[in-house]
Amino acid sequence: AQSVDQPDAHVTLSEGASLELRCSYSYSAAPYLFWYVQYPGQSLQFLLKYITGDTVVKGTKGFEAEFRKSNSSFNLKKSPAHWSDSAKYFCALEGNTGANTGKLTFGHGTILRVHP
Amino acid sequence: AQTIHQWPVAEIKAVGSPLSLGCTIKGKSSPNLYWYWQATGGTLQQLFYSITVGQVESVVQLNLSASRPKDDQFILSTEKLLLSHSGFYLCAWSLDISAETLYFGSGTRLTVL
């Protein structure tokens, strides 16, 4: 079985602060991990992904994430945050072994609000 | 450049009525296609995926069906809508079935009354 947990349903911070959105996963091997963003009323856009190699991955819009196998996490970071970063962020895991190959599981998302 | 177009943008339908949602991808041959459903304020649930024309795999059973009549077209439908079908339906494509970025359409917001 595979699962993704985004423990913070809401995160609020001021513009200029550093943001970190948490994501933990459960999977028997090293999965493929993704972050997507959904702006209000819109569809989802890809931010970044970890497949293999360097555990710190950089994506679009100035975001980066670090894959930590030791604690099964893939937290999303950006500094400084801007009010336009306000959106809902989804962490997703893709299985890559056996019957889970290609199976994508999304977390419940974290709503980020950045105050100007 | 690849483009993905979903239609309609929004639908308000009665319980028990039929539904057909569509998705077209231009600029990419033989894409992998997906249908996702998002309940209001919720996460995304994959409904169907298709690797090639005429082949569709169901991921969850929600009294919905999908078809891929053309390489660039993916259709989601049902003969009888339920209240629980309300939500946001997203079509997506990827280059391959594994380790690939999903590119989402703009979505269809469905309200079932």
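Reading the values: the criteria
- Residues numbered from 1 in each chain as written.
- Chains lettered and ligands numbered in written order.
- Predicted model: local features only at pLDDT ≥ 70, side-chain atom pairs only at ≥ 80, totals over all residues.
- Heavy atoms only, no water.
- Core = buried A, V, L, I, M, F, W, Y, C linked by side-chain atoms within 4.5 Å.
- Buried < 20%, exposed > 50% of the residue type's maximum accessible area, 1.4 Å probe, protein only.
- Helix = DSSP H or I, 4+ residues; strand = E, 2+ residues; numbered from the N terminus.
- Contact = heavy atoms within 4.5 Å.
- Disulfide = S-S within 2.5 Å.
- Pairing = 2+ DSSP bridges.
- Axes fitted to C-alpha atoms, helices over the stretch in contact; angles between N-to-C directions.
- Salt bridge = Lys/Arg side-chain N within 4 Å of Asp/Glu carboxyl O.

### Some points on the nonpolar core
A:Trp35, A:Leu48, A:Phe74, A:Leu76 and A:Tyr89 are the most contacted members of the largest nonpolar core, which totals 28 residues. Mapped by element, the contributors of at least two residues to this core are strand E2 (10-14), strand E3 (19-21), strand E5 (32-38), strand E6 (44-50), strand E8 (64-68), strand E9 (73-78), strand E10 (87-94) and strand E12 (110-115) of chain A. Apart from the residues within four sequence positions on either side, A:Leu48 is in contact with A:Leu33, A:Phe34, A:Trp35, A:Val57, A:Lys58, A:Gly59, A:Phe63, A:Glu64, A:Ala65, A:Phe74 and A:Leu76. Core analysis: the second largest hydrophobic core is formed by 20 residues, B:Ile25, B:Leu33, B:Leu81 and B:Leu110 among them.

### Remarks on the state of the cysteines
In a disulfide, the sulfur atoms of two cysteines are held together by a covalent bond. Residue and element names in this part refer to chain A. Under the definition given, this model contains 2 disulfides over all chains. Disulfide pairing is shown between cysteine 23 and cysteine 91; the S-S distance is 2.0 Å. For the disulfide bridge between cysteine 23 and cysteine 91, the dihedral angle about the S-S bond is near -65°, and by the sign convention the bridge is left-handed. Linking cysteine 23 in the loop between E3 and strand E4 (24-26) with cysteine 91 in strand E10, this pair joins segments that are 68 residues apart in sequence. Note on accessibility: cysteine 23 and cysteine 91 belong to one class, buried.

### Some words on the sheet that holds strand E1 (residues 3-7) of chain B
Strand pairing in a sheet is mediated by backbone hydrogen bonds. Such pairs are either parallel or antiparallel. Residue and element names in this part refer to chain B. Sheet architecture is open: 4 strands sit in the order E1-E3-E8-E7, paired in antiparallel fashion. Of all strands in the sheet, those with a lone pairing partner are E1 and strand E7 (65-70), marking the two edges. Direction aside, neighbouring strands of the sheet carry axes that sit 20° apart on average. In this structure, strand E3 (residues 19-26) lies alongside strand E8 (residues 73-78), joined through 6 bridges in antiparallel fashion. Pairing of cysteine 23 across the sheet is with phenylalanine 74, part of E8.

### Some details on the pattern of salt bridges
Considering all chains together, one arrives at 7 salt bridges over all chains under this definition. Where A:Arg68 meets A:Glu66, a salt bridge forms, and the shortest distance between an N and an O atom there is 3.4 Å. Judged by relative accessible area, A:Arg68 falls into the partly exposed class, the value being 40%. Put simply, B:Asp71 and B:Arg68 hold a salt bridge, and the shortest N to O gap is 3.3 Å. Classification of B:Arg68 by relative accessible area gives buried; the value is 3%. Taken together, the salt bridges that share partners define one network made up of A:Glu66, A:Arg68 and A:Lys77.

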